[in-house]
Amino acid sequence: MAMIEVKQVTYSYKKDGAPAVKNVNFSIEKGEIFGFLGPSGAGKSTTQGILAGLLEIQQGEIFIDGALRSAHPGKEFFNRIGMGFEIPNVYKKLSGLDNLNFHAKLYDGETEDAMEVLEMVGLADDAKKRAGAYSKGMKQRLGFARSLMNKPDIWFLDEPTMGLDPGTANSIKGIIKRKQSEATTIFLTTHNMFVAEELCDRVAFIVDGSIVAVDTPKNLKLKYGKMRVVVEYEQKGVLFSKEFGLSGDEKAEFQRFIGEHEVKTVHSGEPSLEEIFIKLTGRGLE
Ligand SMILES: Nc1ncnc2c1ncn2[C@@H]1O[C@H](COP(=O)(O)OP(=O)(O)OP(=O)(O)O)[C@@H](O)[C@H]1O
Ligand SMILES: [Mg+2]
């Protein structure tokens, strides 16, 4: 049984305005990392807000663990979810450590040790520093840390690595993978195809409030993309390159071409998730 099932969810910010999210359907298995990939304004954060009970369910249904989630979920629901926000909202006057300790008190169940969590996100040395004096990336890590204080079994992450340096982004990704291995179900939004590809078991492409495709990154590529080969060859002392597909005529052409030219390098590659996204939606990810 799916951990989260979303059926025909539609949401409009304005009564008679165009919906921000339209007839969205998907399900997420327990322990799965499910990604929402789409450009700015696609409806990612809105969907996350509805799932997490921040925005009301105007139309459609959400099932958690097979049970219909009420339009106004209670404490038992909030106790089990972790919520990472797009823009980290930390309490500036408190230290990082006190922010986490305060947040932990809001929950009924067992909570994490704040210092251990700060250690995990690389903020141990700044634990006693006022959060208002943290850099942007540090605030973001503190917000991320806060979202896991109540040991959520459903974890919502909105652009968890955006704007972080590669090293820090990697350690955040490592924490996400570790939580998954502890059976946490994770809903993650991003407009970064590398994040989607690296972390997500399955990805939904979303554009203008609608889901266009849902599958594993690998299947999306197999289904909608094509393998290609780039040949670098030399002619009269100058290096050129040429690209070939690997099906039908192009394959034969490629074989003939390498027989007839002074080939220097051959690289084969699969299409990127962004190329597939553009092919399916006519839009880029930015
Ligand atoms: N509070 C709001 N009031 C009115 N319209 C809103 C509000 N929040 C979002 N919208 C609109 O809803 C649509 C979806 O926005 P949403 O924030 O869900 O997009 P997103 O995919 O998360 O984008 P981004 O990648 O920029 O975070 C957009 O057209 C946006 O302008
Ligand atoms: Mg967003």
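Residues numbered from 1 in each chain as written. Chains lettered and ligands numbered in written order. Predicted model: local features only at pLDDT ≥ 70, side-chain atom pairs only at ≥ 80, totals over all residues.

Peer 1: I tried to follow the domain arrangement of the chain on my own but got confused; where do I start?
Peer 2: Quite often, the size of an interface is put as the accessible area lost when its parts meet. For the chain, the domain assignment lists domain 1 (4-217) and domain 2 (226-269). Taking the mean C-alpha position of each, domain 1 and domain 2 sit 44 Å from one another. (Domains from an automatic or database assignment.)

Peer 1: I keep staring at the sheet that holds strand β1 (residues 4-11) and nothing clicks. Help me out?
Peer 2: In a beta sheet, neighbouring strands pair by backbone hydrogen bonds and run either parallel or antiparallel. In spatial order, the strands read β2-β1-β4-β5; together these four strands make up an open sheet with antiparallel pairing. Looking along the sheet, the strands with just one partner apiece sit at the ends: β2 (21-28) and β5 (67-68). Its contacts with the sheet put helix α1 (residues 44-51) on β1, β2 and β4 (59-64), and the angle it makes with β1 is roughly 120°. (Pairing = 2+ DSSP bridges. Helix = DSSP H or I, 4+ residues; strand = E, 2+ residues; numbered from the N terminus. Contact = placed C-beta atoms within 7 Å. Axes fitted to C-alpha atoms, helices over the stretch in contact; angles between N-to-C directions.)

Peer 1: Please clarify how the pairing of β1 should be interpreted in this entry.
Peer 2: Here is the key point about a regular strand: its side chains alternate between the two faces of the sheet. For β1 and β2, the ladder comprises five bridges, and the chain directions are antiparallel. Each residue of the ladder has a partner; that of V9, found in β2, is V24. With five bridges connecting them, β1 and β4 associate as antiparallel partners. The partner of E5 across the bridge, within β4, is F63.

Peer 1: Could you clarify how one ought to interpret the sheet that holds strand β13 (residues 262-269) in this entry?
Peer 2: Strand order in this open sheet of three strands is β12-β11-β13, and the pairing throughout is antiparallel. Edge positions in the sheet fall to β12 (238-245) and β13, since each of these pairs with one other strand and no more. Neighbour-to-neighbour, the strand axes of this sheet turn through a mean angle of 20°, independent of strand direction. Taken together, the eight bridges between strand β11 (residues 228-235) and β12 define a ladder with antiparallel strand orientation. Its bridge partner being in β12, R228 is matched across the sheet by G245. Sheet contacts for helix α9 (residues 248-260): β11, β12 and β13; angle to β12, the most-contacted strand, approximately 155°.

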